[in-house]
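As a plain string of letters, each chain reads:
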Amino acid sequence: MRAPMTKRIESVNAFVVKFANVNGSGSASANELFAKAILRMGVPVSPRNIFPSNIQGLPTWYEVRVSESGWLGRRGGVDLMVAMNPQTWDADVKEIDAGGYLFYDNTKALPKSKFRDDINVVGLPLTEICNQAYTDARQRQLFKNIIYVGALSALLDVDPLVIAELIGEQYRGKEALLKPNLNALQLGRTYALEHLDCPLGIRVRRLKGEANAVGEKIFIEGNAAAALGCIYGGATVCAWYPITPSSSLAEAFQKYCSKLRVDKETGRNRFAIVQGEDELASVGIAIGAGWNGARAFTATSGPGISLMQEFIGLAYFAEIPVTIIDVQRGGPSTGMPTRTQQSDILACAYASHGDTKHVLLFPEDPHECFEMAAQALDLAERLQTPVFLMTDLDIGMNQRLCKPLQWDDSRRYDRGKVMTAEMLDAGKEFGRYLDVDGDGIPFRTYPGTHPSKGGYFTRGTSKNAYAIYSEQGPDYKANMQRLLKKFETAKTLVPKPILNASKEPARFGAIYYGSTGPAMAEALDALSRQGIYVNALRLRSFPFQDEIFDFVASHSKVFVIEQNRDAQLKTLLVNDAGINPASLISVLHYDGTPITARYITAEIAEIVAALNVRPLVKKDKDKAA
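Residues numbered from 1 in each chain as written. Predicted model: local features only at pLDDT ≥ 70, side-chain atom pairs only at ≥ 80, totals over all residues. Heavy atoms only, no water.

S.K.: So what's going on with the overall build of the protein chain? Residues and values would help.
M.R.: For the protein chain, the count of helices and strands is 21 helices and 22 strands. Taken over C-alpha atoms, the radius of gyration comes to 27 Å for the protein chain, in line with the 25 Å a tight globule of 625 residues would show. Once the C-alpha set of the protein chain is aligned to its principal axes, its extents read approximately 90 × 70 × 45 Å. Each of the 625 residues in the protein chain was classed as buried or not, and the buried ones make up 55%. Counting contacts in the protein chain only where the partners sit at least 6 residues apart, residues at least 24 apart contribute 76% of the total. Of the roughly 27,000 Å² of accessible surface on the protein chain, a fraction of 51% belongs to carbon and sulfur atoms. A gap of 2 Å separates the mean positions of the 70 positive and 69 negative side-chain charges of the protein chain. (Helix = DSSP H or I, 4+ residues; strand = E, 2+ residues; numbered from the N terminus. Rg over C-alpha atoms; globule rule 2.2 N^0.38 Å. Buried < 20%, exposed > 50% of the residue type's maximum accessible area, 1.4 Å probe, protein only. Contact = heavy atoms within 4.5 Å. Areas by Shrake-Rupley, 256 points an atom, 1.4 Å probe, with all protein chains shown as cover. Lys, Arg positive; Asp, Glu negative; His and termini not counted. Charge placed at Lys NZ, Arg CZ, Asp CG, Glu CD.)

S.K.: Tell me about the sheet that holds strand 7 (residues 120-124), and name the residues and values.
M.R.: Read from one edge of the open sheet, six strands run 3-4-2-5-6-7, paired in mixed fashion. Two strands lie at the open edges of the sheet, namely strand 3 (45-50) and strand 7, each paired on one side alone. The sheet shows a mean angle of 15 degrees between the axes of neighbouring strands, taken without regard to direction. (Pairing = 2+ DSSP bridges. Axes fitted to C-alpha atoms, helices over the stretch in contact; angles between N-to-C directions.)

S.K.: How would you summarise the packing of helix 7 (residues 222-232) against helix 8 (residues 247-260) if you had to cite specific residues and measurements?
M.R.: At a closest axis distance of 8 Å, the pairing of helix 7 and helix 8 adopts a crossing angle of 45 degrees. The angle between the axes of helix 7 and helix 8 places the two elements in the oblique class. As for how helix 7 packs across helix 8, the hand of that crossing is right-handed. Mapping the contact onto sequence places Asn223, Ala224, Ala226, Ala227, Leu228, Cys230 and Ile231 in helix 7 and Ser248, Leu249, Ala252, Phe253, Tyr256, Cys257 and Leu260 in helix 8. Classifying every residue of the contact of helix 7 with helix 8 by side-chain character gives 12 nonpolar, two polar and no charged. (Parallel < 35°, antiparallel > 145°, perpendicular 65-115°, else oblique. Left-handed = near helix turned anticlockwise from the far one by under 90°. Nonpolar A, V, L, I, M, F, W, Y, C, P; charged D, E, K, R; others polar.)

S.K.: Got a sec to walk through the side chain of Arg432? Specific residues and values, please.
M.R.: Mapped onto the elements of the fold, Arg432 is located in the loop between helix 15 (421-425) and helix 16 (473-490). Notably, Arg432 is buried but unbridged: the nearest opposite-charge side chain belongs to Glu319, and the N-O separation is 5.2 Å. A distance of 2.8 Å separates a polar side-chain atom of Arg432 from the backbone oxygen of Glu319. At 3.3 Å, the side chain of Arg432 and the backbone oxygen of Phe443 are in polar contact. (Salt bridge = Lys/Arg side-chain N within 4 Å of Asp/Glu carboxyl O. Polar contact = N/O pair within 3.5 Å; in protein donor to acceptor, adjacent residues only side chain to side chain.)

S.K.: Can you break down the environment of Leu379 residue by residue, with the values?
M.R.: The residue Leu379 is located in helix 13 (residues 366-383) in this model. Residues contacting Leu379, with those up to four places away along its chain left out, are Leu361, Gln384, Val387, Leu493 and Val494.

Given below as structure tokens:
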């Protein structure tokens, strides 16, 4: 029956749909089908999978942001909740914005207390339809998901032919599966068209030609993009141990290697992928490969970083190149394995024991995961040190629209200072830890470079400039000072921050990094519409360059937006950039979900109000213009 509607949200190509399901019910592929169908209609989407760390039975959510304007961060709030999980019903209904929509299986009647007066309820008897159409219990469960996708195609004006095309691609060559999925899609769509008011106030309008807002952008997960970056960046060795949310990165690397790193004539693999017995073994293997002259990396998450500490210290002090990709998750301990945070910044910046400082790269999206993975391999060899690529679950395990991945075939790998046999025969002085030109970076040799020259002993204990064991204070101090000089050199090599200048003069600044970027861009726009203008600086690396100090100095207060409890980036800015902590105001988000534009906007607006700063209001003549 058609239910009367309360005041409803009206929006075209700008809304949020959230699916509440049970893990293991087969809903993930159906929900992804829904998101990709809208994408194929030329409208940008940004889906996020929020799932539990068990195999099945616990709640899982899939949130789809539809935004013709191209906002790819989480907005906050839900316009349409597809409530398929009785366990989370109350919380799911509570999350819907006033005037929004609740779609549910109304095969069994629910008491009025289970609903809200300020939302629009759309019921469809999914279980009843499935029971009539299918006899197998597993089919009833799986096809229920496709049936609600069919119903949503009618309710939201999504082209069913696009969905059918996607189903055809998914089951190409599997005719036994193709036809029943198409039938289920049609069952849901037909029922909705015959029994419900279609479309709802929120709907999709196809964007064609120049209006197509997707354009040439690609849809890819950050982990897959980083794996491709390692391929194109010349990595031939990956040593890893399975850990969420980084496992799919190593798996993607293996898949791409099987296509791109197999000798066509001999069929031999030109790569090595080793699953170590644990994370400590994995990074040890990668370091050993780097010492031998291979480009090597490991992929892990926070608990893995903890276990790798001793070997990271060895690589730092013995100056061996290795790339470590940290796909961050909620902590501490094993924390929340399937939730996202930016919680390993300090752990990686100062990883290991004693005095250490490491290079960190902060990609914003899959495109930068690709670029920075390749760059990390260059930096590790140029600087002869561990380099960390700091992604997180939000980037790594969610598909995101981004610029196409591009590679310049004329690009040459930066192998750094490598002493060759010819250089040794020419009388070039070799001291493994000898600074010959003042940048703190010594020459190294590959094993077997020369039968009698260029050899050295690699050790984790103290030594002099010629790699001879020494516990003399001056030798140790000279080595540690040289390592600091090398860290200063790194400032000239790592990616510089990017300034997003306000369109009006701004007293306030904001610093942010990584996966916070998409939500931050939208928040800056929302703040400006409130008359609050903020200059924003997106950091892309550590060590910090002088531009960051200058940016902070030019604003009365600077917000530091990050996704952890302890303001880890702010701590780094104070400790390593020498910034006065009184200049910085933390905006922290750490519940395990990706930060939202609404959260950032509300936090900054509230702080600005507390500081008694009036929003900038243009003069009447400017308004009239």
